[in-house]
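# Observations on the model geometry
Spelled out, the chains give:
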Amino acid sequence: MSIRQIITVPDETLKKISEPIEKVGVNEKKLINDLFETMYNFNGIGLAAVQVGILKRILVVDVSSKEEKKNPICFVNPIIKKISNKMSVYEEGCLSIPDTFIEIERPKTCEIEYIDINGKIKTQEFDGLLSTCVQHEINHLDGKLIIDHLSKLKKDMIIKKISKLKKNPDRIIV
Ligand code: NI
């Protein structure tokens with residue numbers, strides 16, 4: 001297992017649509033393990049393969065708190081089958097958009113069809129934080145980011161700010 005580098009805006013890869021997986025083979029399992037390790041390392045609750053620069057429809061989540069037992073779930077080729085009319089709001093961040101939090105309203109529950117790490121097709125309903133997290137990650141697979149929920153002006157401001165931060169050299173005192 002290894003920790004991968006997470007790409008951040010304005011990297012154009014983040015806007016691309018990820019390709020479905022044909023089979024969960026050795027390479028896919030290795031990628032899934034790396035995604036979990038990378039997500040835990042950076043204290044995220046979800047991570048999509050595109051965020052480490054790989055355009056495959058794979059994502060991992062774990063919304064358990066520090067006190068709880070780990071609850072890693074991997075989704076391959078996830079499809080949203082049903083969404084509730086009832087909505088919920090969370091302030092969302094993203095490992096690919098540093099220091100940015102945006103209030104986003106999404107369906108409170110969703111039913112997802114996906115392939116698990118063992119290659120089995122599953123259908124499962126998710127609620128609350130897990131539902132929001134899975135929807136956020138599925139958006140990544142379709143090239144959609146949380147800043148796409150904002151006006152163009154606000155979005156451009158955030159990208160500009162992050163691009164500027166990236167260019168800043170390391171500060172040293174000698
Ligand atoms: Ni994200």
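The paragraphs below set out a description of the structure included in this document. Computed from a predicted model, the values in this text were never measured in an experiment.

## Remarks on the coordination of the nickel ion
Around the nickel ion, the protein contributes the donor atoms Cys94 (SG), His136 (NE2) and His140 (NE2), which lie 2.1 to 2.3 Å from the metal centre. For the nickel ion, the single-chain donor residues occur in sequence as C-x41-H-x3-H. Remark: histidine 140 and histidine 136 occur in helix α2 (residues 128-141); sequence separation between them is four residues, near one turn of the helix. A residue is classified by how much of its surface remains accessible, and histidine 140, at 1% relative accessible area, is buried.

## What about helix α3 (residues 152-167)?
For α3, spanning 16 residues, the distance from its first C-alpha to its last is 22 Å, which sits close to the expected 22 Å at 1.5 Å a residue. Turning to α3, the residues buried within the fold contact β5 (97-107).

## Digging into the sheet that holds strand β1 (residues 46-48)
Pairing is antiparallel in the open sheet, where five strands are placed in the order β1-β2-β3-β6-β7. The sheet terminates laterally at β1 and β7 (121-127), the two strands that pair on one side only. Across this sheet, the average inter-strand angle for adjacent strands is 40 degrees, counted without regard to direction. Note: strand β3 (residues 73-83) against strand β6 (residues 109-115), five bridges, orientation antiparallel. Bridge pairing links isoleucine 83 to cysteine 110 in β6. The sheet contacts of helix α1 (residues 26-41) involve β1, β2 (58-61) and β3, and relative to β2 the element is tilted by about 40 degrees. Sheet strands in contact with α2 are β1, β2, β3, β6 and β7, and its direction is about 155 degrees off that of β2.

The rules behind these values
Residues numbered from 1 in each chain as written. Predicted model: local features only at pLDDT ≥ 70, side-chain atom pairs only at ≥ 80, totals over all residues. Heavy atoms only, no water. Donors = N, O, S within 2.8 Å, 3.2 Å for Na, K, Ca; no water. Helix = DSSP H or I, 4+ residues; strand = E, 2+ residues; numbered from the N terminus. Buried < 20%, exposed > 50% of the residue type's maximum accessible area, 1.4 Å probe, protein only. Expected span 1.5 Å × (residues − 1). Contact = heavy atoms within 4.5 Å. Pairing = 2+ DSSP bridges. Axes fitted to C-alpha atoms, helices over the stretch in contact; angles between N-to-C directions.

These figures come from the coordinates and say nothing about function on their own.
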